[in-house]
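Structural description and commentary
Single-letter residue listing:
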Amino acid sequence: MSLHYVALGDSTTVGVGDPLNGSTTDLSGAGARPGEGWRGWASLLADSLGSSHRVTFSNYATSGATVPQVTADQLPETGDGPIDLASLIVGVNDTLRSTFDAGQIRDCLHQCAAQLTERGALLLTVRFHDHGQVFGLPAWLRRPLWQRIEQVNAVYDDLFLQYGGVRLDMADYPEVYRRDFWSVDRLHPGERGHRRLARAFADELHARGVRIDVPPDLSCAGEPPSRWADAVWMVREGVPWLGRRAGDLTPWAARMVLGQFRPPADAGVQRLRA
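Here is a short report on the structure shown in this document. (Residues numbered from 1 in each chain as written. Predicted model: local features only at pLDDT ≥ 70, side-chain atom pairs only at ≥ 80, totals over all residues. Heavy atoms only, no water.)

**As for empty space enclosed by the protein**
Keep this limit in mind: In this analysis the probe radius is 1.4 Å and the grid spacing 1 Å, with only protein atoms considered; a cavity is a set of points the probe fits into but cannot get out of, a pocket is an open set with protein on both sides within 12 Å along at least five of seven lines, and lining residues have an atom within 4 Å of a point. Grid points are joined across faces, edges and corners, and a volume is the space filled by probe spheres set on the points. A helix here means a DSSP run of H or I that spans at least four residues, while a strand means a run of E at least two residues long, and both kinds are numbered starting from the N terminus. Only Asp, Glu, Lys and Arg are considered charged, only Ala, Val, Leu, Ile, Met, Phe, Trp, Tyr, Cys and Pro nonpolar, and every remaining residue, Gly among them, polar.
Tallied over the entire structure, the rule returns 1 cavity of 30 Å³ or more. What the largest cavity holds in volume is close to 40 Å³. Looking at the largest cavity, the residues that line it are Leu168, Met170, Tyr173, Phe181, Arg196, Leu197 and Ala200. Ranked by residue count, the leading element in the lining of the largest cavity is helix α8 (residues 191-207), at 3 residues. Broken down by class, the residue content of the lining of the largest cavity amounts to 6 nonpolar, no polar and 1 charged.

**Concerning the packing of aromatic side chains**
Here is the rule: Pairing of aromatic rings covers Phe, Tyr and the six-membered ring of Trp, with a centre-to-centre limit of 6.5 Å; geometry is then stacked below 30 degrees between planes, edge-to-face above 60, and tilted otherwise. Only protein chains enter the accessibility calculation, which uses a 1.4 Å probe; a residue whose area is less than 20% of its type maximum is buried, one above 50% is exposed, and one in between is partly exposed.
Counting across every chain of the model gives 3 aromatic pairs. For the ring pair Phe128 and Tyr156, a centre distance of 5.9 Å and an interplane angle of 80 degrees mean the geometry is edge-to-face. Of this pair, Phe128 sits in the loop between β4 (122-127) and α6 (131-135) while Tyr156 sits in helix α7 (residues 139-163), placing them 28 residues apart in sequence. The class for Phe128 is buried, based on a relative accessible area of 8%.

**A word on the environment of Gln111**
Here is the rule: Every residue pair with non-hydrogen atoms within 4.5 Å of one another is taken to be in contact.
Mapped onto the elements of the fold, Gln111 is located in helix α5 (residues 102-118). Between the C-alpha atom of Gln111 and that of Leu75, which follows or precedes it by 36 residues, the distance is 9.3 Å. Every residue in contact with Gln111, bar those within four places of it in the chain, is listed here: Thr71 and Leu75.

**Quick notes on the sheet that holds strand β3 (residues 85-89)**
The test is simple: At least two DSSP bridges between two strands are needed for those strands to be called paired. Every angle, taken between N-to-C directions, lies between 0 and 180 degrees, and every axis is a line fitted to C-alpha atoms, over only the stretch in contact when it is a helix.
Strand order across the open sheet formed by 5 strands is β2-β1-β3-β4-β5, with parallel pairing between neighbours. Taken across any chain shown, the strands that pair with only one partner, and hence form the sheet edges, are β2 (54-59) and β5 (166-169). Across the sheet, the axes of successive neighbouring strands diverge by a mean angle of 15 degrees, strand direction being ignored. Relative to β3, strand β1 (residues 2-9) runs parallel, the two sharing 5 bridges. Among the inter-strand pairings, Leu8 is bridged to a residue of β3, identified as Leu88. Against the sheet, helix α2 (residues 41-49) engages β1, β2, β3 and β4, with an angle of about 175 degrees to β1.

**Quick look at the packing of helix α3 (residues 67-77) against α5**
The cut-off we apply is this: It is the rotation of the near helix from the far one that decides the hand of a crossing: anticlockwise by less than a right angle makes it left-handed, clockwise makes it right-handed.
It is at 8 Å that the axes of α3 and α5 come closest, and there the two elements cross at 30 degrees. The handedness of the crossing between α3 and α5 comes out as left-handed. Contacts between α3 and α5 pair Val67, Pro68, Val70, Thr71 and Leu75 from the former with Gln104, Ile105, Cys108, Leu109, Gln111, Cys112, Gln115 and Leu116 from the latter. Partitioned by chemical class, the residues of the contact of α3 with α5 number 9 nonpolar, 4 polar and no charged.

Limitation: the analysis is restricted to geometry and does not speak to function.
Written out as structure tokens, the structure is:
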């Protein structure tokens, strides 16, 4: 049986965090494309599906992609032929930008889901976990970020209700909040995280009748990043990244944080009435 699987998304679907050479610190994911030194959960899932089917796998994900970019750039690349499986996992990059637009995200994701399912695809999506908890952010900063993530999650809830498919709720997996699930940057899954994600999708597909003779292996070739690797990455990559993004993130973060403490617009009126 033949099976055509297409993957759309950002750096997580590219495979950043799961380098083919086993390193967890030396490779940068900036501008990465599938097959350029990274493996990742989508490739692992495709290999597993290949144990039972003649699989054609096309990964169109790009590092740094936002939802509108996936719709404008990646979706047309999939062509117009039939598709059996389509993974659509994107949205975290959108939550980190001052241009965040929940309405645009909703429209774009629905456009992707509609076109993919019309071509026969079983849709693979997720609900995102609390990234602020993984980063160890203080509660006052986690709350506004989580509000944006939940807006994206609400769209994925809509997609699941309307188009069906397989949806993983990342918060249902306790290991998501363990350090060894993540790569050195704590933004991308490490080898263990990618393997766990591939296995979770494979288990769900198998439960739905998709034959998978050899599920993705959960054993890892590499080791999770050490505290020293964390520190080295922060100096080499983390601080420069924050510097590049400061002009975009800082105004948004300041507005969001202040919004947590600003009284409602009618608070003064209510006090006068009292």
